[in-house]
Amino acid sequence: MAIFRTLREDTVITSLMAYLDAPDVSRYAAFVSALYGANGGNLSEHIRELCENSENVYVKAVGRGETVPQYMADALCEELKTLQMLADCSQETLCAPLGYEGFLPGFAQTALDLAGMYLHRVENIGRYGYGIYAKHHMFCIDEEQGILPVRHHD
């Protein structure tokens, strides 16, 4: 990953990578626990949200009105394919290498077109924004004149 490199800092992604590197029941449970804590347990939606809110080099260039080089657009498309494969992973797929017959906690997944959704948002960046502006709808100014998202609107 180059465009979406910061996604590797997400606890769900890091725990999933640890599990995929060395599958065992404990690592699987750690991954599911992180996913439950992040959004209640939907892997596809978690990856979608990470992509939509990513303040990566590609979306920043588009936001500045720059022409994105073809090599960067190609990298984006390939990374979205990889992220789509992760978003499509089911419990059965992830647990297959374990050969474990006991109970393992499950998680949800949603059918989605990650590349289509992401490219639509980028093409409409003026409408959706990116980063904190895509993730939050209201903001306030702090004492140092910095912009802060309002997490609870009411």
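To keep things clear, this report deals only with the structure shown in the data block. Model, not experiment: these values are computed from the prediction. (Residues numbered from 1 in each chain as written. Predicted model: local features only at pLDDT ≥ 70, side-chain atom pairs only at ≥ 80, totals over all residues. Heavy atoms only, no water.)

**Side note on the overall build of the protein chain**
For step 1, the next point in the chain: Across its full length, the protein chain holds nine helices and two strands.
For step 2, the next point in the chain: The helix and strand sequence of the protein chain, counted from the amino end, reads α-α-α-α-α-α-α-α-α-β-β.
For step 3, the next point in the chain: By residue count, 38% of the 154 residues in the protein chain fall in the buried class.
For step 4, the next point in the chain: A sequence separation of at least 24 residues applies to 64% of the contacts in the protein chain between residues at least 6 apart.
For step 5, the next point in the chain: Put simply, the protein chain shows about 9100 Å² of open surface, and 53% of that area lies on carbon and sulfur atoms. (Helix = DSSP H or I, 4+ residues; strand = E, 2+ residues; numbered from the N terminus. Buried < 20%, exposed > 50% of the residue type's maximum accessible area, 1.4 Å probe, protein only. Contact = heavy atoms within 4.5 Å. Areas by Shrake-Rupley, 256 points an atom, 1.4 Å probe, with all protein chains shown as cover.)

**Some thoughts on helix H7 (residues 114–123)**
For an α-helix, the turn length of 3.6 residues means that residues three or four places apart are oriented alike.
For step 1, the next point in the chain: Within H7, burial applies to Leu 114, Tyr 118, Arg 121 and Val 122. End-on, the buried residues of H7 take up no more than an arc of 100°, which puts them together on one face. (Arc of directions from axis to C-beta.)

**Let's talk about the environment of Ile 3**
For step 1, the next point in the chain: Tracing the backbone shows Ile 3 in the segment before helix H1 (11–21).
For step 2, the next point in the chain: The class for Ile 3 is buried, based on a relative accessible area of 7%.
For step 3, the next point in the chain: The spatial distance from the C-alpha of Ile 3 to the C-alpha of Cys 77 is 9.8 Å, given a sequence separation of 74 residues.
For step 4, the next point in the chain: Setting aside anything within four residues of it in sequence, one finds Ile 3 in contact with Asn 56, Val 57, Tyr 58, Met 72, Ala 75, Leu 76 and Glu 79.

**Notes on the packing of helix H3 (residues 43–52) against H7**
For step 1, the next point in the chain: One way to put it is that H3 packs onto H7 with a least axis distance of 10 Å and a crossing angle of 25°. In terms of orientation, H3 and H7 fall into the roughly parallel class. For the crossing formed where H3 meets H7, the hand is right-handed. Contact residues: Ile 47, Arg 48, Cys 51 and Glu 52 in H3; Leu 114, Met 117, Tyr 118 and Arg 121 in H7.
For step 2, the next point in the chain: Here the contact of H3 with H7 is composed, by residue class, of five nonpolar, no polar and three charged. (Axes fitted to C-alpha atoms, helices over the stretch in contact; angles between N-to-C directions. Parallel < 35°, antiparallel > 145°, perpendicular 65-115°, else oblique. Left-handed = near helix turned anticlockwise from the far one by under 90°. Nonpolar A, V, L, I, M, F, W, Y, C, P; charged D, E, K, R; others polar.)

**Observations regarding the nonpolar core**
For step 1, the next point in the chain: Ranked by internal contacts, the top residues of the largest apolar core, which has 39 residues, are Phe 4, Tyr 28, Phe 31, Ile 47, Tyr 58 and Tyr 118.
For step 2, the next point in the chain: If you list the elements that add at least two residues to this core, you get H1, helix H2 (25–39), H3, helix H4 (57–63), helix H5 (70–87), helix H6 (91–95) and H7.
For step 3, the next point in the chain: Of all the elements, H5 adds the most residues to this core, at seven residues.
For step 4, the next point in the chain: Discounting residues that sit within four places of it in the chain, Phe 31 has contacts with Val 12, Ser 15, Leu 16, Leu 43, Leu 94 and Phe 107. (Core = buried A, V, L, I, M, F, W, Y, C linked by side-chain atoms within 4.5 Å.)

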